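Spelled out from the first residue to the last, the chains are:
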Amino acid sequence: MTTDPARPFGRVLTAMVTPLAEDGTIHLAGAQELASHLVDRQAHDGLVVFGTTGESPTTSDGEQHAVLEAVLDAVGDRATVVAGVGTNDTAHSIEKAQSAARLGVHGLMVVTPYYNKPPQAGLLRHFTAVADSTDLPVMLYDIPPRSVVPIEVETLVRAAEHPNIVAVKDAKGDLGAVAWTLARTDLAYYSGEDMLNLPLLALGAVGVVSVVGHLVGPRLAELVAAVESGDLVKARAVNESLLPVYTGVFRTQGTIMIKAALRELGLPAGPVRPPLVDATHEQLEQLRMDLAAGGVTL
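What you see is a predicted model, and the numbers here were worked out from it, not measured in a lab. Counting restarts for each chain: residues are numbered from 1 in the order of the written sequence. Side-chain atom pairs in this predicted model are given and counted only at pLDDT of 80 or more, local residue features only at pLDDT of at least 70, and totals for whole chains, interfaces and linings cover all residues. The basis for every side-chain value is the complete set of heavy atoms in the structure, and neither hydrogens nor water enter the calculation.

Engineer: Any chance you could break down helix 7 (residues 175-184) for me, citing the residues and the numbers?
Structural biologist: The buried label goes to any residue with under 20% of its type's maximum accessible area, the exposed label to any with over 50%, and the partly exposed label to all in between, with areas taken from a 1.4 Å probe on protein chains only. A run of DSSP states H or I qualifies as a helix once it reaches four residues; a run of E qualifies as a strand once it reaches two. Both are numbered from the N-terminal end. Within helix 7, the full set of buried residues consists of A177, V178, T181 and L182. Along helix 7, the residues classed as buried sweep out an arc of 135° about the axis, all on the same side. Relative to its buried face, helix 7 has exposed residues pointing more than 90 degrees away, namely W180 and A183. Contacts made by the buried residues of helix 7 are with helix 6 (153-159), strand 6 (165-170), strand 7 (188-191) and helix 8 (197-203). At the N-terminal boundary of helix 7, the capping side chain belongs to D174, with an oxygen 3.3 Å from the backbone nitrogen of G176. Working definition: the arc comes from the directions between the helix axis and the C-beta atoms, pointing outward to the latter. Between two residues, a contact is recorded if the distance between any of their heavy atoms is within 4.5 Å. The term polar contact refers here to a pair of N or O atoms within 3.5 Å; inside protein, the definition further demands a hydrogen-donor-capable atom paired with an acceptor-capable atom, and it admits residues adjacent in sequence only when both atoms are side-chain atoms.

Engineer: Talk me through the environment of G46; I want residue IDs and the actual numbers.
Structural biologist: Residue position: G46 is located in strand 2 (residues 46-49). Residue class for G46 comes out buried when judged on its relative accessible area of 0%. The spacing of G46 and V81 is 35 residues in sequence and 5.8 Å in space, taken between C-alpha atoms. Discounting chain neighbours no more than four positions away, the residues touching G46 are F9, V12, L13, T14, A79 and T80.

Engineer: Residue-level account of the UniProt feature "active site" (unreviewed entry) in the protein, with values.
Structural biologist: UniProt positions are given in the numbering used here, feature names are shortened, and annotations may be inferred rather than shown by experiment. Following the UniProt record, one finds the feature "active site" (unreviewed entry) at Y141 and K169. Across 29 residues, the annotated set stays spatially compact, with a maximum C-alpha separation of 4.7 Å. One can find Y141 in strand 5 (residues 138-142). For Y141, a relative accessible area of 5% translates into the label buried. If we ignore the near neighbours within four places in the chain, the residues touching Y141 are T52, M109, V110, V111, T112, I151, K169 and A171. Among the secondary structure elements, K169 is positioned in strand 6.

Engineer: Go over the nonpolar core, please, and point to the residues and values.
Structural biologist: The nonpolar core is taken to be a set of buried Ala, Val, Leu, Ile, Met, Phe, Trp, Tyr and Cys residues, with the residues joined through side-chain atoms within 4.5 Å. One finds L47, V71, V75 and L108 to be the most contacted residues of the largest nonpolar core, which totals 80 residues. Take this core: its biggest share by element is seven residues, from helix 9 (residues 213-228). Among all residues touching L108, those that are not within four sequence positions of it are V82, A83, V85, A97, A100, T134, L136, P137, V138 and M139. In terms of nonpolar packing, the next biggest core, distinct from the first, is built from 16 residues, L13, A167, A171 and Y190 among them.

Right, here's the structure in full:
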């Protein structure tokens, strides 16, 4: 596990899918197998469990508890396990945070409350209330395409005053806002949008919370290392090689396509839960071509 305070959750993390059995129930052994694969063979030093890619909106608190416990048992001694605990209900988010803390997770990810469109004062109160509820380090997740409301720079500056709020997973697509937040806080930034991994790292992000990391973790580690060493020529080359992978996975919803790819590779994934739908034959064939162009063979 990482001990670098500048990189509180590691360098390469993936928002891990939640493996399901064919009948749609949680596959705990599959979750352990996939977590071990990501850490041992895909160069991950951390995992985010029950981000959006983990189908958090359609899994119960009990299911999430069981998966977190299984993943901790599998890799908790050699990777940072971050629990996605954010909801659009502050009280419920606090309950989830405290439950995850009791299990022994190493950190929490708290997404901007979605659907109810809180003002910035509401965001700040929500984030600090969750951060107050445990002693764990917190990563805020800024993703306006899903939450509607962005976390504004001034709100991030205020949030950064909380000793437990140490990082941001950024999927806002506003590089200027990221630059200003990095200039005004000591928050550790993680790229939460694979297509923007390189520019975010170049601005000063310390790592990635990826979706394509399920497939190309070692190359993401290479990308982070190249930027860190100042070798932007190499970083651009690695990033260019990954473009077909980024495009292929996000032609439709990322969870759908990553689960399709993992199934083809014989790794635990299973179906998605409604309202998501599994990839069609045509989508799978397009994904196969995209990934092949990016050096990944299904």
